[in-house]
Amino acid sequence: MNRFNEYLEQISPHIQRDTRNLGREWKSHLLSEITVPEYLHPVLTWFEHCGKGTRGSLVHLAAESFNNPFSSGINSNIKKYAALVELLQNALLVHDDVMDHSNWRRNGLSVPAECASRLHAHNYANAEEKGTGISIALGDHLISWLQQKLVDLTPHEKNTKLHSLYTKYQTSTMAGQIQDVANLDLEIDKESITDLYASKTGAYTFTLPLVLGYVATVHTIDFSITLLLECIGQSLGIIMQGLDDEAGFKNKANSYHELANDLENHQPSLWLALMLPLLSHQEKVLLEKIWWGGMVTRDETNYVKQLYEKYQIHQKAQDIYRTEARLAHELINELDLEPKYVKIWHGLVQNTLNP
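Residues numbered from 1 in each chain as written. Predicted model: local features only at pLDDT ≥ 70, side-chain atom pairs only at ≥ 80, totals over all residues. Heavy atoms only, no water.

Comments concerning the side chain of His-95
The topology assignment puts His-95 in helix H4 (residues 78-100). Among the residues examined, His-95 registers a relative accessible area of 11% and is labelled buried. Look past the residues within four positions of His-95 in its chain and what remains in contact with it is Ile-136, Gly-139, Asp-140, Ile-143 and Gln-177. (Helix = DSSP H or I, 4+ residues; strand = E, 2+ residues; numbered from the N terminus. Buried < 20%, exposed > 50% of the residue type's maximum accessible area, 1.4 Å probe, protein only. Contact = heavy atoms within 4.5 Å.)

Some remarks on the nonpolar core
Side chains that are nonpolar tend, in soluble globular proteins, to be buried together. Counting 110 residues, the largest nonpolar core has Phe-66, Tyr-81, Leu-146, Leu-229, Trp-271, Leu-335 and Trp-345 as its most contacted members. When residues in this core are grouped by element, the largest group, 12 residues, is from H4. Residues within four places of Trp-345 in sequence aside, it is in contact with Leu-61, Ala-62, Ser-65, Phe-66, Leu-210, Leu-229, Ile-232, Ile-332, Leu-335 and Leu-337. (Core = buried A, V, L, I, M, F, W, Y, C linked by side-chain atoms within 4.5 Å.)

Section: H4
With 23 residues, H4 should cover 33 Å at 1.5 Å per step; its first-to-last C-alpha distance of 33 Å lies within 8% of that length. Within H4, 19 of the 23 residues are buried, which leaves the element mostly enclosed by the surrounding structure. Positive backbone phi, approximately 55°, marks His-101, located one or two places after H4. (Expected span 1.5 Å × (residues − 1).)

A short note on the packing of helix H13 (residues 281-292) against helix H14 (residues 298-310)
Packed helix pairs are characterised by how far apart their axes lie and by the angle those axes make with each other. Close contact between H13 and H14 brings their axes to 11 Å; oriented N to C, the two are set at 140°. In this view, H13 runs oblique relative to H14, as classed from their interaxial angle. Both H13 and H14 take part in a crossing whose hand is left-handed. In this structure, H13 contributes Glu-283, Leu-286, Leu-287 and Ile-290 to the contact, and H14 contributes Glu-300, Tyr-303, Val-304, Leu-307 and Lys-310. Of the residues belonging to the contact of H13 with H14, the class tally is six nonpolar, no polar and three charged. (Axes fitted to C-alpha atoms, helices over the stretch in contact; angles between N-to-C directions. Parallel < 35°, antiparallel > 145°, perpendicular 65-115°, else oblique. Left-handed = near helix turned anticlockwise from the far one by under 90°. Nonpolar A, V, L, I, M, F, W, Y, C, P; charged D, E, K, R; others polar.)

Quick notes on the packing of helix H6 (residues 127-153) against helix H7 (residues 156-181)
Two numbers describe how H6 lies on H7: the axes approach to 9 Å, and their chain directions differ by 160°. It follows from the interaxial angle that H6 and H7 lie roughly antiparallel. In terms of crossing hand, the pair formed by H6 and H7 is right-handed. Judged by residue contacts, Ile-143, Leu-146, Gln-147, Leu-150 and Val-151 of H6 engage Asn-159, Leu-162, His-163, Tyr-166, Thr-167, Gln-170 and Met-174 from H7. A breakdown of the residues in the contact of H6 with H7 according to their chemical character gives seven nonpolar, five polar and no charged.

Some words on the packing of aromatic side chains
As enumerated under the stated definition, the model contains seven aromatic pairs in all. Measuring from centroid to centroid gives 4.8 Å for Phe-66 and Tyr-214, while their planes differ by 70°, and the two rings are edge-to-face. Within this pair, whereas Phe-66 is found in the loop between helix H3 (54-65) and H4, its partner Tyr-214 is found in helix H9 (residues 201-217), the two being separated by 148 residues in sequence. For Phe-66, a relative accessible area of 6% translates into the label buried. On the basis of relative accessibility, which here comes to 2%, the residue Tyr-214 falls in the buried class. The structure contains a cluster of three or more aromatic residues connected by ring pairs, namely Trp-26, Trp-46 and Phe-47. (Phe/Tyr/Trp six-rings, centres within 6.5 Å; stacked < 30°, edge-to-face > 60°.)

Written as structure tokens, this is what we have:
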């Protein structure tokens, strides 16, 4: 079994529990400040849960990996740091669902759709618009609360540096979200896309938790290590987001809808950047018609899939993923970790490349 998967399987239940606890703390704080109708309380509960706990596990992994005899020891608040990055992910997912008009998340209704459903049940006019507004406000409140929580948790001597790094990666993520939703051109070059993946997905999925775990644990920060962690996170972000954006091409029941949504939302992606220069004039004209045509039909989606297969886009993207994976492996070897942790970190790369 992949060493990182073994590590994640072992620590995930603890992260799930810690995330629930911190989520309940946020919910309690929110309800102490304002009155939220009882029928919307289940929406607040959504924020208490996390997925596999991958981001939280990276906080723990970095904290343990660099906890050598010259360190200050594992920070007593490391569990809350791990839960913090999981809750941040929840807030960002809500924003994603608002921007992408997505009704589904984690095998259930998304927060905007759940809000709208409950408002509909109470006969509110314009329930969708009101539900969207509530969802954005909840996500924004949680993000702000987490920033304050980070300050409260962090010892004075590290507060400024840790908060600065947290804000840096969060700002990078938000810039990537703007790029996603403001993509008003069909053509975007490969380098711009990989930069977007690195600065968005890389920042909040990998770099933030790894740097948070490292800086929170060590007595003296080595900024060369921080830079290495950032570069590892960027490479893994390119791999993860690239593969995620190709999900609509997989042979599964909902892949048609995934790809159709990406096309309707003008989602910038590596596969599209790789495909465009290869198309004939006629193929490009048809793709532009699909891109700007509003609701995408199944036939139109199948046409895009045919282009994807014809020009072997996945194989071309795989070459980029493998290059980034090799770079991440090389950077991990520069971290000078104990052998057992080296295996886990290399397993992380493999898990990202072959989820």
